[in-house]
Every structure is written in C-alpha cells, then in structure tokens.
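A closer look at the structure
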Amino acid sequence: VMMAAGLCRAFGALLLSAAPRHSRLPALPCASPLGLPPCLPGAVLAAVRRGLGCSVPRCTTDPLWKCRVKYTVRPIGMKKTGGRDHTGRIRVRGIGGGHKRRYRMIDFQRLRYEEGAPPQPFTEKVINVRYDPCRSADIALVAGGNRKRWIIATENMQPGDIIKNSSHIGRMAVSANEGDAYPLGALPVGTLICNLESHPGKGAQYIRAAGTCGVLLRKVNGTAIVQLPSKRHMQVLETCVATVGRVSNVDHNKRVIGKAGRNRWLGKRPHTGLWHRKGGWAGRKIKPLPPMKSYVNLPRVTAQE
Amino acid sequence: LFQGVRQAQWLTKTKLVEGLPPPVLSIIDNPAHQLEDHEERVQRAISHARFWETTEVAPRREHYCPVLFEDLIHLCRLMSVKYPSLTKRMLARNYRISATWERESILLQVRGQNGILMNSMAPIPPVASKEEILATEEHVLETFYPISPTIDLQEVNVYKELDDTGKSSRFRDGYPYSYPHTVFFLESANIRPNRFRPEQLRAKMLMFAFGNALAKAKVLYGNDPKVLEQPIVVQSIGTDGQLFQFMVFQLNTTDLVSSDGIKNLVWIDSDQNLYEKAQCIPEIKKRVVTKPAGIYGFQPDTFKKFLALYLHGTV
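Residues numbered from 1 in each chain as written. Chains lettered and ligands numbered in written order. Predicted model: local features only at pLDDT ≥ 70, side-chain atom pairs only at ≥ 80, totals over all residues. Heavy atoms only, no water.

- In the annotation of an unreviewed UniProt entry, chain B is listed under the name Large ribosomal subunit protein mL37 and assigned to Chunga burmeisteri.
- Of the comments in the UniProt record for chain B, the one headed Sequence similarities (unreviewed entry) reads "Belongs to the mitochondrion-specific ribosomal protein mL37 family."
- Taken directly from UniProt, the Subcellular location (unreviewed entry) text for chain B runs: "Mitochondrion". (UniProt positions renumbered as here; feature names shortened; annotations may be inferred.)

- Per an unreviewed UniProt entry, chain A goes by the name Large ribosomal subunit protein uL2 and belongs to Chunga burmeisteri.
- Regarding chain A, the UniProt comment filed under Sequence similarities (unreviewed entry) reads as follows: "Belongs to the universal ribosomal protein uL2 family."
- Here is the UniProt Subcellular location (unreviewed entry) comment for chain A, exactly as written: "Mitochondrion".

Quick look at the overall build of chain A
- The secondary structure content of chain A amounts to 2 helices and 14 strands.
- By the burial criterion, 36% of the 305 residues in chain A qualify as buried.
- Once local pairs closer than 6 in sequence are excluded, the contacts in chain A between residues at least 24 apart make up 60%.
- Surface exposure of chain A reaches about 18,600 Å², of which carbon and sulfur atoms provide 56%. (Helix = DSSP H or I, 4+ residues; strand = E, 2+ residues; numbered from the N terminus. Buried < 20%, exposed > 50% of the residue type's maximum accessible area, 1.4 Å probe, protein only. Contact = heavy atoms within 4.5 Å. Areas by Shrake-Rupley, 256 points an atom, 1.4 Å probe, with all protein chains shown as cover.)

Comments concerning the overall build of chain B
- A count of helices and strands for chain B gives 7 helices and 15 strands.
- Going through the 315 residues of chain B one by one, you find that 52% of them count as buried.
- Contacts in chain B between residues far apart in sequence, at least 24 positions, make up 75% of those at least 6 positions apart.
- Entry remark: accessible area of chain B is about 14,300 Å², with carbon and sulfur atoms responsible for 52%.

What about the environment of His276 of chain A?
- With respect to the secondary-structure elements, His276 of chain A resides in the loop between helix H2 (260–265) and strand S14 (293–294).
- It is 45 Å that separates the C-alpha atoms of His276 of chain A and Thr191 of chain A, two residues lying 85 residues apart in sequence.

Some thoughts on the pattern of salt bridges
- Within the structure shown, the criterion is met by 10 salt bridges over all chains.
- Among the salt bridges present, the one from Asp132 of chain A reaches Arg135 of chain A, with a minimum N-O distance of 2.6 Å. This pair shows no difference in class: Asp132 of chain A is buried, exactly as Arg135 of chain A is.
- The partner of Lys305 of chain B in a salt bridge is Asp269 of chain B, and the shortest N-O contact between them spans 2.8 Å. With Lys305 of chain B in helix H7 (residues 300–311) and Asp269 of chain B in strand S11 (residues 264–273), this pair connects stretches of sequence that are 36 residues apart. For the pair Lys305 of chain B and Asp269 of chain B, one class covers both residues: buried.
- Overlapping salt bridges bring together Asp107, Arg112, Glu124, Arg147 and Arg149 of chain A as one network. (Salt bridge = Lys/Arg side-chain N within 4 Å of Asp/Glu carboxyl O.)

Describing the nonpolar core
Residue and element names in this part refer to chain B.
- Formed by 43 residues in total, the largest nonpolar core has its most connected members in Leu72, Phe184, Phe303 and Phe306.
- Among the elements of the structure, helix H2 (22–29), helix H3 (38–52), helix H4 (61–77), strand S5 (116–120), strand S9 (227–239), strand S10 (243–253), S11 and H7 are those that each provide at least two residues to this core.
- With 8 residues, H4 is the single largest residue contributor to this core.
- Residues in contact with Leu72, not counting those within four places in the same chain, are Val42, Phe244, Phe303 and Phe306.
- Met90, Ala99, Leu117 and Val266 belong to the second largest nonpolar core, which has 36 residues in total. (Core = buried A, V, L, I, M, F, W, Y, C linked by side-chain atoms within 4.5 Å.)

Notes on the packing of aromatic side chains
- Throughout the structure, instances matching the rule amount to 9 aromatic pairs over all chains.
- Plain terms: the ring middles of Phe244 of chain B and Phe246 of chain B are 6.1 Å apart, the flat faces sit at 20° to each other, and that makes the pair stacked.
- Through a chain of ring-to-ring contacts, three or more aromatic side chains come together here, namely Phe69, Phe184, Phe244, Phe246, Phe303 and Phe306 of chain B.
- Here Arg208 of chain A stacks its cationic end above the ring of Phe108 of chain A, 3.8 Å away from the centre of that ring.
- Of note, Lys293 of chain A hangs over the ring of Tyr295 of chain A, and the distance from its end group to the ring centre comes to 5.6 Å. (Phe/Tyr/Trp six-rings, centres within 6.5 Å; stacked < 30°, edge-to-face > 60°. Lys NZ or Arg CZ within 6 Å of the ring centre and 35° of its normal.)

Details of H3 of chain B
Residues and elements named next belong to chain B.
- The terminal C-alpha atoms of H3, which comprises 15 residues, lie 20 Å apart, in line with the 21 Å expected from a rise of 1.5 Å per residue.
- Of the residues making up H3, those classed as buried are His38, Val42, Ala45, Ile46, Ser47, Ala49, Arg50 and Phe51.
- The inward-facing, buried residues of H3 abut H4, strand S12 (277–279), strand S15 (294–296) and H7. (Expected span 1.5 Å × (residues − 1).)

Side note on the confidence of the model for chain A
- When pLDDT is averaged along chain A, the result is 76; 75% of the residues meet or exceed 70.
- Every residue in residues 1–54 of chain A scores below 50 in pLDDT, and together they form 105 contacts with partners more than four places removed in sequence or on other chains. (pLDDT = per-residue confidence, 0-100.)

Describing the domain arrangement of chain A
Residue and element names in this part refer to chain A.
- Segmenting chain A into domains produces domain 1 (59–105) and domain 2 (107–253).
- Each side of the interface is counted separately: domain 1 has 8 residues, and domain 2 has 11 residues.
- The three residues of domain 1 that bury the most area against domain 2 are Tyr71, Val73 and Arg104, which together make up 65% of that side's buried surface.
- Inspection of the region where domain 1 meets domain 2 yields 1 residue pair in polar contact (both at pLDDT 80 or more).
- Here the side of domain 1 that touches domain 2 is composed, by residue class, of 5 nonpolar, no polar and 3 charged. (Domains from an automatic or database assignment. Buried area = accessible area lost by both parts, 1.4 Å probe. Polar contact = N/O pair within 3.5 Å; in protein donor to acceptor, adjacent residues only side chain to side chain. Nonpolar A, V, L, I, M, F, W, Y, C, P; charged D, E, K, R; others polar.)

Put into structure tokens, the structure is as follows:
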C-alpha cells in the first residue's frame, strides 16, 4: 500500500494557489493563516503567481509581514518601524533610515522535529554560513531529512559540517562538539554554550549576540546554573537545550565604524547635540552581583517536614 | 533540486557517464552526416536570433531563445534531404507529462507542462551494450546523509496516479509517432533568478527524460516493475540561448523500489557554449571601436552534437 501523501515535482506546472497569500513557491493549498484581513495591499497580491527560483519583493509595506505561519527558508521583505509604536508616535529615539533588509526566518528551537519524525537525536549538515543583516551574528543554513532551516552559526562553523541535536540525558556527560545542541543535563560542567532557553521547548532567547558565550557552572538536582555574558547567574531546568560553542562573528565588537555614514546605513539616527550636565545615573558603578535568576518552580519545602 | 544531478540520480536510480555515448560520437565524426557550409548557416541563425529579430537594439532572452531553437531545428530538418526517414518526426509543444513511480516506499511523481517533445515513429536503439548494463549492478547510488534525497520536493496528496504522455489526454493508441525521441528545454525567462542554473537544468532534464521513458515503458510493458530487455532511450537538450546541455538517458529497469540491481544510465555533456558573446552594439572605449558588433567565440562542435542527437536513431 503506497503512502497516501505522495511527493510531487512540478518544475513547469504553475499550480495556482487558491489562497491570496504570500506564495513564494507554488503554495500548498492548506497554508493559510488565521485572521488575515480580506483586503490585502496590492504588493502582496502581485506576489501570488510566481515561478520557481524567484525571490520575494525586496520590502513590503504590509504591516502584517510578521504574521507568516509557515516556515520558509527564503528571505521575506520587512517593514521598518522607524522607532514608532502602534500609536504612530516615536517611542524609541534614534532609529530610522538605513539599508533595506530582508528577514530570514531563524529557527531558534533546535530540537524541532520534522513532521512525522520520531523524537530521537538527529543530525543535520551545514550548507552555508552567511551574514544576516538583522543581527550581529552570522546565520547558517542547515539541512536534515526533508527540510532546510536557518540557525545561528557558532564560531568555526564551516559549510559541510555535521551537527547533532539530541534531547537525551545520559548518566555520563557527553563530550560535545562545537555547534551541537544538547540539553544542559548532558553537558559537562564548564562548557561554553550559547542559544540558551529559559524553559524547555520555548526556543533560544539568551546568548544570541555575536561572540557571546555562557558558562555552565554547576548542576544541582534537576537544574543547571549558567553564567550569562553579563555575569548574571541563571538557574534553569536541565532539560533546556543549548548549543555548544561561542556565537559566530567573534570580532564584531572590535570593528571600527569609521564614519557617521556607516551608522546611518545601520539605521541609527544621530543623537541630539544639546549638552546636558549628567546626574546621578552616569558614571561607573561598583555593586554586588544581582541574585541568581531562577526559572525553575521548586515546590516550597516547609520547615516542619 | 537541492543537490542537482546527484539527487536526480538517486531518485531515478541512474548511473552517470560523462560525455556522449559512442554511437552519437561516431555520428559526429562521420562527415557524411554534415550539412554543407553548416558553420556559416549556424552563424547566420545566431545572428538572426540575437540581432535581427526585433526593432529594439538587443532582443531579450524570451525572444531570442525560441527563435534560435526554431532555426537550429530547421537546419537539422534540412538533412532530411539525405535521409527521408527523418520526416517521420513530429514536435509537440506545451505537452504535459505525468509519470509516477515508487522509490523505497516513497511515491514520486513527475508532472508538468514544460519543454517541447519530439516524437518519432521508430524508437531509438539502445545505446549501451549488455555488459555495460550488467556492470551497473555493482554501482552504488550515493546518498547524502543526513539529508534525505527527497528534500526540496513538493508534497502533494495523490488522488489518482496518472501515466500519460501527451496533451490533456494521452496520445491515443495507434498514434503513428509514439516513441519519445528528444525533449527540449528552453530557459527563456528574462531575469536571472527566474531561470534555472545549469546544474538545476541538468537535473530537470534528467527527471523529465526519465518521466517520458517510464511512461512509454508502462505503455509497452505494463505496470509491473521489471528489467527491460529492450531498454528505452530518450534524449534531451536544454539551453538558455547560449549554453547547451546534452543528455542521453537509457531506461534499463522499471524496478525502482530497491536501490540494488540494474540501474539506468545517463550520458551527460554539459555546458557546451555555442558562442562566447554576441555583441549587439560595438563596444567603444575613448572614441575608438575596440569590439565591433558580431559573434565571438563560435564553436561549431556544439551544433554538430545537436545535429548528431537529432539524427541519432535514424542513421
């Protein structure tokens, strides 16, 4: 009995997609987001019928460009905010202008299994590592099984490497290679990690900037304590997944901007020139480390028991 | 396709051989099979396509690519003065192909309306000898761990498997020109991202040639997977107006479920330039004409191969 879901190749077939949605590929009929307004801007409707091998528009004016549900490797056009919030007034000063950027959807959840794949450790191959205009780190295109995705590259990641993603915590610590993703309970104490999650399955939210790394300090019961780049200690469950190594683009903080124009290309507007006398907020402060941040809900142990 | 020809090879269970097969090469070398002053005629055809076709200064690729193709086919048909059996061919444009096969428990399909198919009354005789076919048994298909070979293919729910060659309906039985001979692919989109790169074009050619051969095999020998005693040969030529890819595909077996056993064969001759550059306006630097308008780097061998593939099967 053959599988019901066949795999089809249509190089020349122009499959018209029924949903009037961003379709870079001849879209699957089931990929339609929820809550899309009935009238779309013209720039989006023009992108419905496209051949293979095409790219999307360089930028959109669609305010809902962030609402894409289906993951794609292709870069998407972004809309710049200019520091303005939903009321239209400036909320953050000094943002505006700058080169147009296209957003590449990065998968921060390393352990995302493919549809229909068993929840077992799997490997992926790095295809290429490139600059991302939206962040300071470099991104890497990895492919495994039937899908490709972008992830944050670690230092010394070369095209052609094989990286491993695992969720298994064994009794002995794994000798991890750079770029692999393991839960914190499986890593030896003292490894440099990046792309840390606070809760298992949430997706990496910490240690993502260029050249940063956290250190796994100790493992206590079922939790692990990590030192973040700001020297703050963080306690998380040991099943949270992190990647091993430092984030790529290590010399990012050593670069020299060189001229005012380069800052404008990055989208930073100049500061005001008005001279203020600085108050109590300015100057170097020396104070003890803030207490350890714990993302673990421990049952409260009462003294009587 | 992600890995190009290598992935197409795994999907169609094929072994690759560089260069064109010996029978085709012998046609090329035989001087009796050439047109008189064919070089001059080919250059005139290129000039027609690249320079004279439109009222604008330089015609765009979507104009000149089909025109060049028509001219080259016309030149090939002039040979039918010597070989009358060449008239027993027909061209089908906008033809639609759909063929399905199963490959290690995954159902694959080739569907599409792409390219131009040329059919003939008589099939092309098998190109590889029996020993070569048996020798493919030891060849191991390369896999790309950890990438699965079905990456980058669209997933579609299959309601009905179709094996057709033809337009909306299959070519009716009893149609005199029933054997697929050559498939032509013209990459004529204007913008470069819309066109296929040479590697991807070769992969596409391989898949469509395989689809045509498989459909024909199912018509002739039924739907059971087995090794064919009379292998089916389909050729394909792909071009973007300047670069030509030639391919001869021989279907030896329809038993595609397992990865062992006899494999199909393909001979690929890739990246043959017909000419290096066609200058429409003379290039002028500092008021001195450095490069007058014309065609540079013309290679007659490419047209000889084109002609040889056309004549193959009747000569």
